[in-house]
Structure formats: C-alpha cells, structure tokens
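# Chain and residue survey
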Amino acid sequence: MKSIRKVAVLGAGVMGAQIAAHMANAGLETLLFELPANEGTDKSAAARKAVAGLKKLKPPPLAHPAALRHIEPANYEEHLPALADCDLVIEAIAEKMEWKLDLFHKITPHLGEGTWLASNTSGLSIQKMADALPDDLQARFCGVHFFNPPRYMHLVELIPTQKTDPTMLDALETFLTTRMGKGIVRAKDTPNFIGNRIGVFSILATMHHTARFGLSFDEVDALTGTRIGRPKSATYRTADVVGLDTMAHVIHTMSATLPDDPWHDYFQVPGWLQKLIDAGALGQKTRCGIYRKQGKTIEVLDLEKGDYRPSGKGVADEVKAMLKLDTPAEQMAALRASDHPQAQFLWACFRDLFHYCACQLEAIADTARDLDFAIRWGYGWKLGPFELWQAAGWKTVAGWIGEDIEAGKTMAATPLPDWVMALEHGPHAPDGSYSPARQQFIDRSSLPVYRRQPYPDPLISERYSYGETVFENDAVRLWHEGDGAAVLSFKTKMHTISREVLDSIHQAVNVAEQDFKTLILWQTEEPFSAGADLSGALAALQAGEIEAFTDMVDRFQQTSQRLRYSSIPVVSAPRGLALGGGCEFTMHCDRVVAALETYIGLVEVGVGLLPAGGGLKEIARRLSALPENVDPFPFLQRWFETVAMGKVAGSALEAIDLGFLGACSKVVFHPHEVLHVARQQGLFLAEAGYTPPLPDRHIRVAGKTGIANLKLVLVNMLEGHFISEHDFEIGSRIAEVICGGEVEAGERVDETWLLDLERKHFVELAQMPKTQERIAHMLKTGKPLRN
C-alpha cells in the first residue's frame, strides 16, 4: 500500500492552513501554497503569514509548536515543480467551481505519475471537477472533506467519482484513519454531501420553527444544546462561531443546487440574518452577531425590540421535566403530547429532521450508519438522527410523523419511504445498518486498518462485552482477550480514584503478575481519569478523620509504587483528561501509549493541594537523572512552574515536552487504536525479557539552595499580585518536596524520603480551611477557586 510522506495543501486560508497544520502534527513534510505576493521579494509572503498565524489560533491547530518546522510556505509562481514529489495534494481554496478548475489546470502538468489529488470542497460536485481533469488523473482524484477545526473534528468525508480507483480510495481511508486519526464516512456526490446536508437542514428547520413558535434565540439555544445531546453552542451560538456570512453562503448554495428538494422553502436566508450581514455583524469574528459581549454581559438580539438585551431566557420547568424523563421514548412522547410552545418546537424540529433524513438517505449515503456518524463526528451530537429516532421507538415515531404529514403540519407532504415501515426496530441492528439502495443491513468496513480498533465508536445497536472478566467490583473491572494482556478499566464516575480503586489496582497487579504477561490501564470511554475522589476526601476531613485520610494518601503512594515495580510491564493508555492521580499513575508506568488528544497534568494546586501520589517524587527522580555537569535549576524551575501553576498539556506531544510522558511514549492519532498499540507495547516488553526497575535510593536533590531559589520566584509573584497568600503556601511546600527538603544541595535521598515529604505536606494542606474551601468549590461548580 502506498506510503504518504509528503503532502501539499493548495490554499492557505482558514481551512487550508489548519489542514496543513494537522498534517504537520503527524510529522509529514507539508507544502502550503498560496497566491504569490504582488510586492516585495518574498513571493511566498502570504503563505508564510498563514503559517505564522497558526500559532495564534484558538483552539490551537498545532499539537506542538515544533510541528511548524514541517510546513514549508510556497507559491504558485515559483514552487509548482515541487508538486512532483508529493504523494498527496489537497485543494482547499474558496468554494468557487471556476477557481478550482482553473487551479487544477495550472497544477496538473506538475503532478507526479503516482500523486493523488483531492478537493476539500464542502459541497461542490466532485464529478464535475473530475470531468475537467486528464483521463489518467481521474482515477487518482476524489473529494476529501475535513470539518472545521480539522485537528479536533473527527469527521472526514471521502467522496469518490465514477472513475476513482477503489484501491486508492481504500489506501486514502487507511491513511486518514490511522495517521490523521479521523473517522471516515464515504459520501455520495450530492450537494453538501452528508454532514452539511443534514446538519445545515437541521439548523434551517430550527430557524423556521423559532419564528413559527415565537421563541427567542437564547431560549432556542437553551433547548437545543446539551439538554438534547448536542454541543453547548447549540444552534445560534454555533451560527455565530461559523460566521453568519458563511451560513448565508451555505443556505444560498443549498437553494441553488437543490431546486427540487421538497423542503426547498426552508433554504432561504431569514430577513433578520441578512440585516446582520449587511451591518457587518458576522458573528464571533466581528465580535457581534446574534450574540455580542458588552463588558462582562452576554447580550442576544431581540427581534421584537430590534436591539440587544441581556441573554438569559431558559427552558421552562415543565419542559425540563420532560427532557429528564428516563428514556428517549418517554421524552419524545411527552414533547409531542404537550401544548407548551417549547415542547411543540422541539417535537417539530425532531419530526422534520427524521422525515428529511429518511427521505434523503438513499440519495446521499450508503447506510444509516454513514449518516449518523457524519452528524455525530461532524457536528458533535451524542446520537445521530436515526439513532435517536430508533431509541425513541421507531414505528411509533414513524406513525406520528405520518399523522403530521396527513394533517398538513409538515413543510413537505412527501410520505416516508416504504423502507421505514418495513423495519421493525429501526435501521441499526447487531448485524449492521440498513442500506435502502441495497435493501439489506450492511456490516462495518472490512478494511484491515479497522482491525486496529478492537472497540470502535459504537452505534446504539452495538454493545461490547470487553473480553472475559477476571474479576470485577463496583470500582474496576480486570479483563482479557486471551492474548496475554490483562486490561484494567475503572467504573467510577469520571474514572476518579477512590479507596476501592486503589485496593483494586493492587489486586489487579497481583493477579496479572500471576496469570498474564502485561497489564494495561485503559478506560472503555473518556476520560482516562479526573484524579482523586475529592468528595470522599472532603467528607473524611470534615469528619476529622485525619488518620484515615493520611492512610488513604499512603495507600495512593503505595499504589503508584506497585505499578512502577510490578514484575511484569505495566502500560498506561490514556485518552482525554488524565489529571492529578491519573497523571501520577501514568508517570509510574513502564510505557505510555497516549491518544494525541490526551490532556494530562498535575492540577492539585487548583484545589489547594500538591501532588501526593508519587508525582513530585517522580519529578525529583527525573531531575536527578540529569548529568552532574548540567545546571539543574532551569529544569527545576520549569517543573516547579508547571506544577505550581497546574499546567495541563494541550496534547500528548506537548505532554512529552513538559515531561509528564517519557520520550519513549507512543502517540496514537486515532483514539480507538490506543488499546491495540498499548497491548503490542506491553507484550513486546514482556517478550523482550522485561526486568522491573530497582528502587531508586540515590536521588540527587537541590535541597535548601533549590528551595530558596524557588521561593524567590514565589515572592516576586506574590508581590506582583499574581498569586494569593494561600498559593504562596502551596508553592512553598511544592518547592520543598521536589527539592528534597531541608538538606544540602546535591545530597542523595531515597524514594521513601520524598514520599514521606509529599504525604506530610499534602495532609497538612488538606486540613487548612482555604484548601477545604477550594475542594468544596470545585465539587460544587467544577471550577477552581483562587482564595
């Protein structure tokens, strides 16, 4: 299979530059092309500016600043011959067909014989582009539609033409999956493909029913966000983020390219939206749109007043109660039966969405799976439209939709397709998802790359058993699949670490040493771990159970040490958050296999504490490993600031740079491949004749000199009002632990000495009122308190 090593991205706009950034994240040599500059000697100035701008974007498109070195700015006047060496060329210029065809005409003579060419268009005809290419290039051309922002949005739509080489398409899907970490959906070549066709329709239906039921924009956002399993930006905040001008462009495109769509009347730019655009209020990029921020107040456009007012309208208590019912079936039934405008609004939005998806599925996608994943991965919904419909009762909801069609309540009078009522329970079943074109249930792709995902993102119809249980309790489950690797998964909320988790880890290590070759710490879903169980800790403190509290801290440290000195290799496999104790466990493992989007850090300072699960001990041990002729203070200060400020790495690559992950850690771009690679790493270490490390009894510490230097940093921060008195107290204790206490600089101590220091200062801090205020505030609000 072809190996992709060098990539060119044509177009250095918002999407093009960020696609280039993610290619660079993966370590690929990347050329970023833009039009040549009209002035000056640097013809690549525009592309160079776009590359520099990547450092300022939020959220960061670069997983590590060093990725920039893989991007080479280029221009169409001087550098087209460089395309001959590229394995993949992605066009990402403005959405104008004539511009794209002109660019293809310009670059075609310079492409190598084996170069793949793709367009990142969000909805223009891929076949029309292919028809303009030479015959020999048409087999190597397809659509590759990334979603914005490319690093974070999981979806990439792959759109073949009539002549696209199937082998090339499979290879490209493999590359995008495992190297780029993406979820691939193959779409048919129809306007806006799958994700935007359905996602934008849902937004347009929501806009239509907002006006119909007389609801306000903030009221609708309260209804259509997290309460129904969608992102908190909901509908109108999302429009502001996307850009109101961009939204209008997409609506115009749908109106022009789908003239025969039964819902065509929805494809109109509302008058209020056009007025905002004409006034230059384009949303987030102009700091004013449907919403705006005035000082600390978020204001929303009030159409009745023709002006902005403070945002704050919410969901009626009656409707809240409906949305809290136990099952989607109960929720949907309650919404439909209610006379409340908010409930009727939600039912109308769901009904139109289900109706539209059913009528369009055969034209735009192969299976219901493709449509649901496109919306989940491209728009951040917890359930796709067909999944939600199926969960709410397939035939019951279909009957309600039919009744509304008969009663003239729907925009389109088009009946539901016959296949809808032919399915008893819905389009998702254990043996696959329904394809209207093939009139059968189709299993997932059999491409070899998906063998790397033992437990892929599940649909509503898929339930994983996760191997054979070794032992299980309320806190954890130890299991295996017969390959010699035992897997330990937590069951606590947010995978927090309680006393039962600690005891269970000891049990798991004991069992694994006896019966398995390696032990893997992996969770069946994100996060890896939010850290220690704060509620249990606070309860013990408030009850005055200091001895029991101290004993739990000691048990935590013993557990980290048990992981480190196990007789078999232990591999940590984090994805998502790995905070506090989760970070400390990871720091004690023999090997780490982390998903790119792993956010790891020692954040205990946020609740008025310091790391005491061996984290500070590990920092001191790593500092001791520096050569004796190297000044340790710059490294010591960097570690100190990282912990004292509660820094969290923005990616696994950044975590290696910060030191939370070792240099030999493996970074996996696709989160569902982490377990596969972790098993391989653990079994490799075992087969290579693993020997556990010896206890470190000679840790060279900075002692009193280091403590004094770090306290000087704290004094300056305190006098500059950057930290509080309690922050100073916490920082001083962190300094004492990582410097080894009040000993001479260069003196050597053992791990027990450092663990005792950790535990002493942790327990003393925990008894302070300001720390307990911080813990209580975090438990109540989920946010740190600076007191």
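Residues numbered from 1 in each chain as written. Predicted model: local features only at pLDDT ≥ 70, side-chain atom pairs only at ≥ 80, totals over all residues. Heavy atoms only, no water.

## Details of the domain arrangement of the protein chain
- If you check the domain split of the protein chain, you get domain 1 (6-186), domain 2 (195-442), domain 3 (466-603 + 648-693) and domain 4 (612-647 + 695-787).
- Measuring from the centre of the C-alpha atoms in domain 2 to the corresponding centre in domain 4 gives 50 Å. (Domains from an automatic or database assignment.)

## Considerations on the environment of Gly606
- One can find Gly606 in the loop between β22 (598-601) and α23 (615-624).
- Gly606 gets classed as buried once you look at its relative accessible area, which sits at 9%.
- Considering only alpha carbons, one finds Gly606 and His480, 126 residues apart in sequence, at a separation of 37 Å. (Helix = DSSP H or I, 4+ residues; strand = E, 2+ residues; numbered from the N terminus. Buried < 20%, exposed > 50% of the residue type's maximum accessible area, 1.4 Å probe, protein only.)

## Considerations on the packing of aromatic side chains
- If you walk through the whole model with that rule in mind, you get 32 aromatic pairs.
- Relative to Trp400, the ring of Trp347 has its centre 5.9 Å away and its plane inclined at 85°; by these criteria the two rings are edge-to-face. Note that Trp347 is positioned in helix α14 (residues 341-364) and Trp400 in helix α17 (residues 394-406), a separation of 53 residues in sequence. Here Trp347 matches Trp400 in class, with each residue buried.
- Taken together, a centroid distance of 6.1 Å and an interplanar angle of 65° make the contact between Trp479 and Trp522 edge-to-face. With Trp479 in strand β16 (residues 476-480) and Trp522 in the loop between β18 (518-521) and α20 (534-542), this residue pair connects regions lying 43 residues apart in the sequence. (Phe/Tyr/Trp six-rings, centres within 6.5 Å; stacked < 30°, edge-to-face > 60°.)

## Concerning the pattern of salt bridges
- Evaluated as defined, the whole model comprises 47 salt bridges.
- Put simply, Arg679 and Asp483 hold a salt bridge, and the shortest N to O gap is 3.6 Å. One end of the pair, Arg679, is in helix α26 (residues 674-687); the other, Asp483, is in the loop between β16 and β17 (485-490), with 196 residues separating them in the sequence.
- Between Lys704 and Glu744 there is a salt bridge, with the nearest N and O atoms lying 2.8 Å from each other. Of this pair, Lys704 sits in helix α27 (residues 703-719) while Glu744 is found in the loop between α28 (725-738) and β25 (748-749), placing the two residues 40 residues apart along the sequence.
- With a relative accessible area of 36%, Lys704 lands in the partly exposed category.
- One network of salt bridges, in which partners are shared, links Arg336, Arg351, Asp352, Glu403 and Asp404. (Salt bridge = Lys/Arg side-chain N within 4 Å of Asp/Glu carboxyl O.)

## Describing the sheet that holds strand β19 (residues 570-572)
- The strand order across the open sheet formed by seven strands is β15-β16-β17-β18-β19-β21-β23, and the pairing between neighbours is mixed. The open sheet has two edge strands, β15 (468-472) and β23 (666-668), and neither has a second partner. This sheet shows a mean twist of 25° between the axes of neighbouring strands, independent of strand direction.
- Relative to β17, β16 runs antiparallel, the two sharing five bridges. Within β17, the residue paired with Arg477 across the bridge is Ser489.
- Along the sheet, helix α19 (residues 499-515) makes contact with β15, β16, β17 and β18, crossing β17 at roughly 175°.
- Helix-sheet contacts for α26 involve β16, β17, β18, β19, β21 (591-595) and β23, and the interaxial angle to β21 is about 170°. (Pairing = 2+ DSSP bridges. Axes fitted to C-alpha atoms, helices over the stretch in contact; angles between N-to-C directions. Contact = heavy atoms within 4.5 Å.)

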